[in-house]
Structures are given as C-alpha cells and as structure tokens.
Amino acid sequence: MLYSLRANDVSVYPGNIDDLIDYVGSGGPDRDPIIQQIANANTLSIEKFLGSPLGKRSCRFVISRNANELSDGYHNTWLKTGTAFTATGISTNQWIELPCQIESIQSVTVSIWGGDNVELVEGKDFYVDLDCKYPKIMMGWTMSIMDMFYKYKNMIVDFTGGLYEVDGTVPASVILAINMATKGFFENPGDGAFNPMDNGINFLLKNYQVPAIGG
C-alpha cells in the first residue's frame, strides 16, 4: 500500500517566536524576520521527516494501492491464501493505523475507478479507535471480490489532528529540535557546514516519527 498525508494550510512555526529569537540570538530586530522564515522552513521539513503535521489541523490521509496490488498475480495469490470470503463481498475486518493524533474524523471515502466515490458511514461501514497511540479504523464495508481487486482506487480519510500533547501543544522536544535547527542554519548561512540531523536533533525527533510515512 502507498500512503500520503497532507494538511490543507501552510505550516508555520508552532512555538513562541519571541522565545525562539532569544534562543537564536538575532543581534538586531532587522534580522528577526529571517529567523522566523528559517523556523517556518524547518517546521515544514520536520513535518516531512516525522510524517505527521504539527498541531491541530485539517488533514487528509490517502491509502492507495501500489502497482503490484493492481495485477492478476496479486489477485490470484490472495485467493490461494484461503482467506474467507463470500460470493457477494468481502469484509476486511482489519485495523488500519492513522498517522497521528486525531481529534475527530470528518469523512471516510472510497474511490473506485470508473464509478462514483462511496462515502462510508461510521458505526456501519467503519469503526474508530482514537484512544491508542496511533488512532485507527476498522473497515466493515463490503464490496464484490472483482471490484475489490480491479476497481478499488484508494481510501481517503479527512480528519482534524496532528502531533500534539493532551493540552493541545506541540511536544517540547519537537519545539527544541526546530529551535536547534533554526539556530544552526542562522549561524551557518550559505555553504556553512551544518547538518540539521546532528547535535541531538535526530534523537529528539525519532520518537515521534511515523515509519510508514516519514522520511
């Protein structure tokens, strides 16, 4: 399966900008906007590295099939596994992990080649568990076996969420990593020798990375 995650707005530095400027030590108010621009750019890069947006935001998570899963060979191999199915449909009954903390799910939609999108109904077509480390959904929706393997395009989950603590703030270690990267780039402009994953930044972020999406 292929995964993608995107937010509907542009990422900006999620911490206190005055604290960041004090941490970096700008040397003058005319340089403060440069610090903020670097922090915003680092925020985007760190979101990509983590595979999760920072803070509560409107997001879209898309699960698509890769090339191998669109082939006859994949279909035939699946049929040989002895997986139980009926003549009229198949129920996945499998939890699908979502990439970050979720406050609420707005919609779950299945796209089908050559057909209309199908919007699934919570409590009937899918079930939600938002209390675990990685929130997840279980599909209960059925489709015919031929449709399952030849018409299914992707599943789209629209939700409000992000990487945040119980009180709604971004984890302090992630803010520190952005601050450290911002200071490093500010002090080493142009061709300056600075690796943002050195100096403990990677260590601070690794615990929050989503392996299937980040990197």
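A few points on the structure. As the structure is a prediction and not an experimental result, all values here were calculated from the model. For every chain, the first residue of the written sequence is number 1, and numbering continues from 1 along that sequence. A pLDDT threshold of at least 70 governs which residues receive local features in this predicted model, and a stricter bar of 80 or more applies before side-chain atom pairs are shown or counted, although totals over entire chains, interfaces and linings include all residues. Water and hydrogen atoms play no part in the side-chain values, which are based on all heavy atoms of the structure.

Before going further, it helps to examine the overall build of the protein chain. Within the protein chain, the secondary structure is distributed over 6 helices and 10 strands. Residues are treated as being in contact if the distance between any of their heavy atoms lies within 4.5 Å. Sequence separation of 24 or more characterises 78% of the internal contacts of the protein chain that already satisfy a separation of 6 or more. Accessible surface computed for the protein chain: about 11,900 Å², of which carbon and sulfur atoms make up 52%. Secondary structure is summarised from DSSP: a helix means a run of H or I of at least four residues, a strand means a run of E of at least two, and numbering begins at the N terminus for each. Computed by Shrake-Rupley with a 1.4 Å probe, the accessible areas treat only the displayed protein chains as cover when residues are assessed.

Angles run from 0 to 180 degrees between N-to-C directions of axes, and those axes are lines fitted to C-alpha atoms, restricted for helices to the stretch in contact. The contact between helix 1 (residues 17-24) and helix 2 (residues 32-50) brings their axes to 10 Å, and the two run at 105 degrees. By the angle class used here, helix 1 and helix 2 are roughly perpendicular. Listed contacts from helix 2 to Ile-17, Leu-20, Ile-21 and Val-24 of helix 1 are Asp-32, Ile-35, Gln-36 and Ala-39. Of the residues assigned to the contact of helix 1 with helix 2, the class counts are 6 nonpolar, 1 polar and 1 charged. Put simply, angles under 35 degrees are roughly parallel, angles over 145 are roughly antiparallel, angles from 65 to 115 are roughly perpendicular, and the rest are oblique. Residues were grouped as follows: Ala, Val, Leu, Ile, Met, Phe, Trp, Tyr, Cys and Pro as nonpolar; Asp, Glu, Lys and Arg as charged; and all remaining residues, including Gly, as polar.

Another aspect to go through is the packing of helix 2 against helix 5 (residues 172-187). Between helix 2 and helix 5, the shortest axis-to-axis distance is 9 Å and the interhelical angle comes to 125 degrees. Viewed along their axes, helix 2 and helix 5 adopt a mutual orientation that is oblique. Crossing angle aside, the handedness with which helix 2 passes helix 5 is right-handed. Contact residues: Ile-34, Ile-35, Ile-38, Ala-39, Asn-42, Thr-43 and Ile-46 in helix 2; Val-174, Ala-177, Ile-178, Ala-181, Thr-182, Phe-185 and Phe-186 in helix 5. Definitions for this section: a left-handed crossing has its near helix turned counterclockwise from the far helix by less than a right angle. A right-handed crossing has that turn clockwise.

Helix length check: helix 5, at 16 residues, gives a terminal C-alpha distance of 22 Å against a target of 22 Å (1.5 Å per residue), a fit within 8%. Residues Val-174, Ile-175, Ala-177, Ile-178, Asn-179, Met-180, Ala-181, Thr-182, Gly-184 and Phe-186 constitute the buried set of helix 5. What a helix is expected to span follows from its residue count: subtract one and scale by 1.5 Å. Working definition: with a 1.4 Å probe on protein chains only, accessible area under 20% of the residue-type maximum means buried, over 50% means exposed, and in between means partly exposed.

We now examine the pattern of salt bridges. Oppositely charged side chains can form a pair if their charged atoms are brought close together. Every case where a carboxyl oxygen of Asp or Glu lies within 4 Å of a side-chain nitrogen of Lys or Arg is listed as a salt bridge. For the structure on display, the rule yields 4 salt bridges. Measuring nitrogen to oxygen at the nearest pair gives 3.0 Å for the salt bridge that ties Glu-187 to Lys-183. Remark: Lys-183 and Glu-187 occur in helix 5; sequence separation between them is 4 residues, near one turn of the helix. The partly exposed category is assigned to Glu-187, whose relative accessible area is 47%. Its relative accessible area of 25% is what places Lys-183 among the partly exposed residues.

A word on the environment of Ser-58. Take Ser-58: it is sitting in strand 2 (residues 57-64). With relative accessibility at 38%, the residue Ser-58 sits in the partly exposed group. Spatially, the C-alpha atoms of Ser-58 and Arg-6 are 8.8 Å apart, while their sequence positions differ by 52 residues. Once you skip the residues sitting within four places of it in the chain, Ser-58 turns out to touch Ala-7, Asn-8 and Phe-159.

Definition used in this section: a nonpolar core is a set of buried Ala, Val, Leu, Ile, Met, Phe, Trp, Tyr and Cys residues joined via side-chain atoms within 4.5 Å. Leu-50, Leu-54, Val-174, Ile-201 and Leu-205 are the most contacted members of the largest nonpolar core, which has 24 residues in total. Those elements that provide at least two residues to this core are helix 1, helix 2, helix 5 and helix 6 (201-206). When residues in this core are grouped by element, the largest group, 7 residues, is from helix 5. With residues near it in sequence (within four places) discarded, Leu-54 still touches Pro-14, Thr-43, Glu-47, Leu-163, Val-170, Val-174 and Ile-178. Grouped together as the second largest cluster of nonpolar side chains are 18 residues, Cys-59, Val-110, Leu-120 and Met-155 included.

Turning our attention to the state of the cysteines. Any pair of cysteine sulfurs within 2.5 Å is marked as a disulfide. Going through the model one piece at a time under the given rule, you end up with 0 disulfides. Counting only cysteine sulfurs, Cys-100 is the nearest neighbor of Cys-59, a cysteine outside any disulfide, at a range of 5.5 Å.

Strand 2 sits mainly inside the fold: 6 of its 8 residues count as buried. Here, any two strands with at least 2 DSSP bridges between them count as paired. Of the strand pairs in this sheet, strand 1 (residues 2-7) and strand 2 are connected by 6 bridges, and their pairing is antiparallel. If you follow Ser-4 over to strand 2, its bridge partner there is Val-62. Pairing analysis gives 8 bridges linking strand 2 to strand 10 (residues 152-162), with the strands arranged antiparallel. Residue pairing for strand 10: Ile-63 is matched across the bridge by Met-155.

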